Amino acid sequence: MTATPGGNLLTDHPELYEERFPDPERLAARWAGEVLARHHAGPRVLDVGCGTGRDAAWLQHRAGHDVAGIDTSRAMLAHAAAHHPGPRYHLADMRDFDLGTPFDAILCLDSALLYCHTNEDLGAFLSRCRAHLTPGGLLVAEMRNGAFFLGTTELLDAPRRATFTRRGTTYTSHTALWIDHGAQLLRRRRTWTADDGSLPQEQHSAWRLLFPQEIRYFLTTAGFEVLALHDGPGPRTTPPWTEGQAPHGTTRADRLHLVARLTPHPSDGDTPA
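Treat the numbers as computed from the prediction; the structure is a model and nothing was measured. (Residues numbered from 1 in each chain as written. Predicted model: local features only at pLDDT ≥ 70, side-chain atom pairs only at ≥ 80, totals over all residues. Heavy atoms only, no water.)

1. Observations regarding the overall build of the chain
Here comes step 1: What the chain contains, in helices and strands, is seven helices and twelve strands.
Here comes step 2: In summary, the chain has a C-alpha radius of gyration of 19 Å against a globular reference of 19 Å for 273 residues, a match within 12%.
Here comes step 3: C-alpha atoms of the chain, sized along the principal axes, occupy 65 × 40 × 35 Å.
Here comes step 4: In the chain, once contacts between residues fewer than 6 apart in sequence are set aside, the share between residues at least 24 apart is 64%.
Here comes step 5: In the form shown here, the chain has an accessible surface area of approximately 13,100 Å², with 50% of it arising from carbon and sulfur atoms. (Helix = DSSP H or I, 4+ residues; strand = E, 2+ residues; numbered from the N terminus. Rg over C-alpha atoms; globule rule 2.2 N^0.38 Å. Contact = heavy atoms within 4.5 Å. Areas by Shrake-Rupley, 256 points an atom, 1.4 Å probe, with all protein chains shown as cover.)

2. Observations concerning the pairing of strand 4 (residues 88-91)
Here comes step 1: As paired strands, strand 3 (residues 66-71) and strand 4 are joined by four bridges and run parallel to one another. For A68, the partnering residue across the bridge sits in strand 4 and is R88.
Here comes step 2: With respect to chirality, the unit in which strand 3 leads through helix 5 (residues 74-83) into the neighbouring parallel strand 4 is right-handed. (Pairing = 2+ DSSP bridges. Right-handed = clockwise from strand over helix to strand, strands pointing away.)

3. Describing the environment of D98
Here comes step 1: Position of D98 among the secondary structure elements: in the loop between strand 4 and strand 5 (103-108).
Here comes step 2: Here D98 falls in the exposed class, since its relative accessible area comes to 62%.
Here comes step 3: It is 8.0 Å that separates the C-alpha atoms of D98 and H132, two residues lying 34 residues apart in sequence.
Here comes step 4: With near-sequence residues (within four places) excluded, D98 lies in contact with R128 and H132. (Buried < 20%, exposed > 50% of the residue type's maximum accessible area, 1.4 Å probe, protein only.)

4. Topic: the sheet that holds strand 2 (residues 44-48)
Here comes step 1: In space, the seven strands of this open sheet follow the order 4-3-2-5-6-12-11, with mixed pairing throughout. Among the strands making up the open sheet, the edge pair consists of strand 4 and strand 11 (224-230). Between one strand and the next, the sheet's axes are offset by a mean angle of 15°, whatever the strand orientation.
Here comes step 2: Taken together, the six bridges between strand 11 and strand 12 (residues 255-262) define a ladder with antiparallel strand orientation. Pairing of V226 across the sheet is with A260, part of strand 12.
Here comes step 3: Lying over the sheet, helix 6 (residues 119-132) contacts strand 2, strand 5, strand 6 (133-144), strand 11 and strand 12, oriented at roughly 145° with respect to strand 6. (Axes fitted to C-alpha atoms, helices over the stretch in contact; angles between N-to-C directions.)

5. Examining the nonpolar core
Here comes step 1: Counting residues in hydrophobic clusters, the biggest one holds 41 residues, and the most contacted among them are F125, L126, L219, F224 and L258.
Here comes step 2: Secondary structure elements with two or more residues in this core: strand 2, strand 3, strand 5, helix 6, strand 6, helix 7 (212-221), strand 11 and strand 12.
Here comes step 3: If sequence neighbours within four positions are ignored, L219 has contacts with L126, L139, F224, V226, L258 and A260.
Here comes step 4: Grouped together as the second largest cluster of nonpolar side chains are 25 residues, A32, L36, A57 and L77 included. (Core = buried A, V, L, I, M, F, W, Y, C linked by side-chain atoms within 4.5 Å.)

6. Comments concerning the pattern of salt bridges
Here comes step 1: Enumeration over the complete set of coordinates arrives at 14 salt bridges.
Here comes step 2: Its salt-bridge partner being R187, residue D180 comes within 2.9 Å of it at the nearest N-O pair.
Here comes step 3: A salt bridge links R208 to E214, with the nearest nitrogen and oxygen atoms 3.2 Å apart.
Here comes step 4: Residue classification places R208 among the buried residues on the basis of a relative accessible area of 4%. (Salt bridge = Lys/Arg side-chain N within 4 Å of Asp/Glu carboxyl O.)

7. Observations concerning the packing of aromatic side chains
Here comes step 1: Counted under the stated rule, the structure contains six aromatic pairs.
Here comes step 2: Residues Y17 and F21 carry aromatic rings whose centres are separated by 5.3 Å and whose planes lie at 55° to one another, so their mutual orientation is tilted.
Here comes step 3: What makes F21 partly exposed here is its relative accessible area of 32%.
Here comes step 4: Relative to F218, the ring of Y217 has its centre 6.0 Å away and its plane inclined at 70°; by these criteria the two rings are edge-to-face.
Here comes step 5: Among the residues examined, F218 registers a relative accessible area of 14% and is labelled buried.
Here comes step 6: In this arrangement the basic side chain of R144 is found over the ring face of W207, its NZ or CZ atom lying 5.6 Å from the centre. (Phe/Tyr/Trp six-rings, centres within 6.5 Å; stacked < 30°, edge-to-face > 60°. Lys NZ or Arg CZ within 6 Å of the ring centre and 35° of its normal.)

8. Topic: the pairing of strand 9 (residues 185-194)
Here comes step 1: In this structure, strand 8 (residues 169-180) lies alongside strand 9, joined through ten bridges in antiparallel fashion. Note on strand 9: the bridge partner recorded for Y171 is A194.
Here comes step 2: Between strand 8 and strand 9, which pair antiparallel one after the other, the connecting turn spans four residues, and Q184 there sits at a positive phi close to 60°.
Here comes step 3: The pairing of strand 9 with strand 10 (residues 201-208) spans eight bridges and is antiparallel. Bridge pairing in strand 10 places W192 opposite Q201.
Here comes step 4: Here strand 9 folds back onto strand 10, and the loop between the two strands holds six residues, one of which, G197, carries a positive phi near 90°.

So, in structure tokens, the structure goes:
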């Protein structure tokens, strides 16, 4: 049976997303909360690519932050408002959002930063961060590591299969990843089937492959000081981060974790060091 292209099963159906990627212990939010506390971030936090709102709501209700979230999926935002209320959710693109309010920290979890596919995209996003962060504000990101693919092909060697069941329907995905070298993108083709008689659905997506030195260059050029850049531990590393674990300094594994501080500008009345 031929798969029909278009849409995104998990984004269009957020309840399926949470079933496929459960996080009952809110590991990603707890990791982010500890990073924010370690670097003495203020209370106002923007979650870019907030998705279903699980992390934003935990940071607001459990860690005491004043949280807003942006996403490009209306379905995700509707789910967030209904199931993870509290934060202020906005339909907005990470490259051109304008919320009219300052934040002490901006989060980009689960490779949200890598949806900036071009240098122009990334520059536009960092410009929006500068416009929304208070002087000394933090940018915290957790993402795939482009450098990982220089030394291994384990994620590219063969398609991967995964299944989950919700309300009596079993969903199966077949996922193939490959590198578009010219565009410096990790491309993904995923086909979903379900045993409820619905047609298969084919999806295409991509992430920018950023390398550690590139990240440092882009951040420094945009007026940030990189405070930390390491491959673990984090919420999606193997083994995953646990409470109180300090980061280590390598950048070899498949995840990168970034903490950068917006450098105060002399025109803001600050004195340069």
